[in-house]
Amino acid sequence: MRVGVFDSGVGGLSVLKSLYEARLFDELIYYGDTARVPYGVKDKDTIIRFCLEALEFFKQFKIDMLIIACNSASAYALDALRAKADFCVYGVIDAGVKATIKALEDKNKEILVIATKATVNSKEYQKRLFSEGFIRVNALATGLFVPMVEEGIFEGSLMRSAMEYYFKGIASPDALILACTHFPLLSRSLSEYFGNKTKLIHSGDAIVEFLKQKERINSKNNKPQLHFYASSDLDSLKNTARMWLNL
Ligand code: DGL
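Residues numbered from 1 in each chain as written. Predicted model: local features only at pLDDT ≥ 70, side-chain atom pairs only at ≥ 80, totals over all residues. Heavy atoms only, no water.

K.L.:
Please explain the sheet that holds strand 3 (residues 65-68) as it appears in this structure.
P.N.:
Sheets are built from strands that pair by backbone hydrogen bonding, the pairs being arranged parallel or antiparallel. One open sheet accounts for 5 strands, arranged 4-3-1-2-9; its pairing is parallel. At either end of the open sheet lies a strand with only one pairing partner, and these are strand 4 (88-90) and strand 9 (225-230). Direction aside, neighbouring strands of the sheet carry axes that sit 20° apart on average. Bridge analysis of strand 3 against strand 4 gives 3 bridges, and the strand direction is parallel. Following the sheet pairing, Leu66 is matched in strand 4 by Val89. Packing of helix 1 (residues 13-22) onto the sheet brings it into contact with strand 1 (2-7), strand 2 (27-32), strand 3 and strand 9, and relative to strand 2 it is tilted by some 180°. The strands touched by helix 10 (residues 203-214) within the sheet are strand 3 and strand 4, with strand 4 carrying the most contacts at an inclination of about 145°. (Pairing = 2+ DSSP bridges. Helix = DSSP H or I, 4+ residues; strand = E, 2+ residues; numbered from the N terminus. Axes fitted to C-alpha atoms, helices over the stretch in contact; angles between N-to-C directions. Contact = heavy atoms within 4.5 Å.)

Set out below in structure tokens:
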């Protein structure tokens, strides 16, 4: 099976890493819209337009499925993409919600969603979690983490200050949804900050579990072939891929 993975830039490589290691597919074609990242500060119509352009780009590869790794794009563009695609299109939000349900024993547990402004404002996570019966759901836009991760700042005093800035006065939640492609790279720092009580929900791992169940796919013997495309600076995206995926 040949599967496309789309993201606004390099961040979706965190989702690609999970898909690559899970060995669910024969080929993974990653496309990052690095010329126009970030999507997380853009409005709905712009995000939808960019995603539909990405869909046109993927059509040349005759893919069997498209995975939207970007949370901001998943929050706004799934319906528009599904209306135009002749293959399955999956986003990461349903998968993240399913993983959260699995991680928490009861609906009174406290959930914090951290994401870009676009994802938080869409309320997609909040709506789904409330409709699943959770009552203590908060969402916080922590956009500063995105450029920091891209600078390779995953821990240390600068990251600690950014966390204190965003999380001041916030008690450790039972689940922290890393609702942005970049945030799994901060897992260690976030766990240190919030402590053992907080379970981290990672979009990449969540989509792997989701696809295994939904599409009934089992792991293959070989790792998938990888192909990388970017709308700008492909070399830098490939370098990041080498680091994040240990290629
Ligand atoms: N990929 C985006 C997301 O997961 C983060 C970067 C951006 O704002 O484009 O929401």
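So that's the structure; there's more coming.
K.L.:
Looking at this structure, how should I read the site of the ligand?
P.N.:
Around the ligand, 13 residues are found, and the nearest of them are Ser8, Tyr39, Gly40, Ser72 and Thr181. Between Ser8 and the ligand, the recorded distance is 2.6 Å, taken from a side-chain N or O atom to an oxygen atom. Note that an oxygen atom of the ligand is positioned 2.8 Å from one of the backbone N or O atoms of Gly40. Considering only residue class, the shell around the ligand consists of 5 nonpolar, 7 polar and 1 charged. (Near = heavy atom within 4 Å. Polar contact = N/O pair within 3.5 Å; in protein donor to acceptor, adjacent residues only side chain to side chain. Nonpolar A, V, L, I, M, F, W, Y, C, P; charged D, E, K, R; others polar.)

K.L.:
What should I look at first to understand unusual backbone geometry in this one?
P.N.:
Note on backbone geometry: most residues besides glycine have negative phi, and most peptide bonds are trans. The peptide bond linking Val37 to Pro38 adopts the cis configuration, its omega dihedral lying at 0°. Positive phi outside glycine occurs at Arg23, with the angle close to 55°. Here Arg23 shows up in the loop between helix 1 and strand 2. Not every positive phi belongs to a glycine, and Lys123 is a case in point at roughly 60°.

K.L.:
How do you make sense of the side chain of Ser122 when you look at a structure like this?
P.N.:
Along the polypeptide, Ser122 turns up in helix 5 (residues 117-122). The exposure class of Ser122 is buried, given its relative accessible area of 10%. From its side chain, Ser122 meets the backbone oxygen of Thr119 in a polar contact 2.7 Å long. In contact with Ser122, not counting residues within four places along its chain, are Ala75, Tyr76 and Lys127. (Buried < 20%, exposed > 50% of the residue type's maximum accessible area, 1.4 Å probe, protein only.)

K.L.:
What is the right way to read the sheet that holds strand 7 (residues 175-179) from this model?
P.N.:
Here 4 strands make up an open sheet; going across it, the order is 6-5-7-8 and the pairing parallel. Two strands lie at the open edges of the sheet, namely strand 6 (136-141) and strand 8 (199-202), each paired on one side alone. For this sheet, the mean angle separating the axes of adjacent strands, direction not counted, is 20°. Bridge count between strand 7 and strand 8: 4 bridges; the pairing is parallel. Bridged to Ala175 within strand 8 is Lys199. Contacting strand 7 and strand 8, helix 10 crosses the sheet at an angle of about 65° to strand 8.

K.L.:
Before we go on, may I ask you to explain the pattern of salt bridges in this structure?
P.N.:
Where charged atoms from two side chains of opposite charge approach closely, those side chains can pair. Taken as a whole, this structure holds 15 salt bridges when the rule is applied. Residues Arg36 and Asp33 are paired through a salt bridge, measuring 2.9 Å at the closest nitrogen-oxygen approach. Among the residues examined, Asp33 registers a relative accessible area of 2% and is labelled buried. Across the salt bridge formed by Arg128 and Asp94, the nearest N and O atoms sit 2.6 Å from each other. Here the residue Arg128 occupies a position in helix 6 (residues 124-131), and Asp94 occupies one in helix 4 (residues 93-103), the gap between them amounting to 34 residues. It is possible to trace a salt-bridge network through shared partners that takes in Asp94, Glu124, Lys127 and Arg128. (Salt bridge = Lys/Arg side-chain N within 4 Å of Asp/Glu carboxyl O.)

Any functional reading would require information beyond the geometric quantities listed.
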